[in-house]
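Spelled out from the first residue to the last, the chains are:
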Amino acid sequence: MIGRRPAVASQGCRQDAIAQGLSLLRRSWARLVFGVLLGLVLGMGSTFWATAQQLPAGQQLIPNPQQFRALEQPSSALSALRAEQLAAEADAAIQAQNYDQAVELLQQVFNAYNQRSNYHQDLSRAFAGIQNRISEEQRELARVAAQARDQAAYDLAVVYRAAGRPEEAVGWLIQVINSQSPTRELGTQAYQQLLEIGFVSTPFPS
């Protein structure tokens, strides 16, 4: 009922909820990273490769083949592969209950995808009404990166709960809800986390 605070769950129920949230991390990242990489390959690979092939001999933009698509290499801070590696390291830290390290790694994942999403959004706006194909392509890449960013924010909140720091989870959960909307799966899960830690009182959907 609206306005009534639900009864406090037992310690065992809370631990089960946290454990269930942690168990979703690996599967979520596998889907998200696949989507990001697929979008990058389909969205930008053909255009850039065609441009390079049209240049006269001796005037290639990238004379060193090892520099080709440098931002997709794991060493790049903007690389989806790098974000995948960080997520895997965070998962290992979670399994070892090294929550401080997991938080640090997931924050790096969040920052990487947030930056990618913002850049793709900027490009989408720049090409709107000029080259709609590019604008739509960049908008889709921004959406995929934003989904990965929001997943990182949700995972951070779950790790904070597991570490006994629920007050630090609140901001991340609200960010997920604002970005995803309460009606989408991740937004609904974020609201449920807020309900479980006692920040909100009314279940959704009620």
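Here goes a summary of the coordinates provided. Please read these numbers as outputs of a predicted model, since none were measured by experiment.

**A look at the nonpolar core**
Counting residues in each nonpolar core, the largest one holds 36 residues, and the members touching the most others are Y154, V159, W172 and L173. When contributions to this core are tallied by element, the ones reaching two or more residues are helix 3 (80-95), helix 4 (99-127), helix 5 (132-162), helix 6 (170-180) and helix 7 (185-197). It is helix 5 that contributes the most residues to this core, 10 residues altogether. In this view, Y154 contacts L173, V176, L186, Q189, A190 and Q193; residues no more than four positions away in its chain are not counted.

**Focus on unusual backbone geometry**
The omega angle of the peptide bond from F204 to P205 is -5 degrees, so this bond is cis rather than trans. Inspection of the secondary structure assignment puts P205 in the segment after helix 7. Positioned with a positive phi, Q97 is a non-glycine residue whose angle comes to about 60 degrees. By secondary structure assignment, the location of Q97 is in the loop between helix 3 and helix 4. Exposure remark for Q97: the relative accessible area of 59% places this residue in the exposed category. Non-glycine residue S181 carries a positive phi angle of around 85 degrees. Structurally, S181 is set in the loop between helix 6 and helix 7. Taking relative accessible area as the criterion, S181 reaches 24% and is therefore assigned partly exposed.

**What to know about the pattern of salt bridges**
Within this structure, the stated rule accounts for 6 salt bridges. Salt-bridge contacts for E196 lead to R161; the nearest nitrogen and oxygen are separated by 2.6 Å. With a gap of 35 residues between them, E196 in helix 7 and R161 in helix 5 connect regions that are remote in the sequence. E168 is paired through a salt bridge with R165; the nearest N and O atoms lie 2.8 Å apart. Through salt bridges with shared partners, a single ionic network connects D100, R165 and E168.

About the cut-offs
- Every chain's residues receive numbers from 1 upward, in the order its sequence appears when written.
- It should be noted that, the model being predicted, local features are given only for residues of pLDDT at least 70 and side-chain atom pairs only at 80 or more, the latter also being counted only at that level, while totals for whole chains, interfaces and linings use all residues.
- Computation of side-chain values: all heavy atoms of the structure, hydrogens and water removed.
- In these notes, a set of buried Ala, Val, Leu, Ile, Met, Phe, Trp, Tyr and Cys residues joined through side-chain atoms within 4.5 Å is what counts as a nonpolar core.
- To sort residues, take the accessible area from a 1.4 Å probe on protein chains only and compare it with the maximum for the residue type: under 20% means buried, over 50% means exposed, and anything in between is partly exposed.
- Note on conventions: DSSP H or I runs of at least 4 residues are helices, E runs of at least 2 residues are strands, and numbering of each starts at the N terminus.
- Contacts: residue pairs with any heavy atoms within 4.5 Å of one another.
- One side-chain nitrogen of Lys or Arg within 4 Å of one carboxyl oxygen of Asp or Glu is enough to make a salt bridge.

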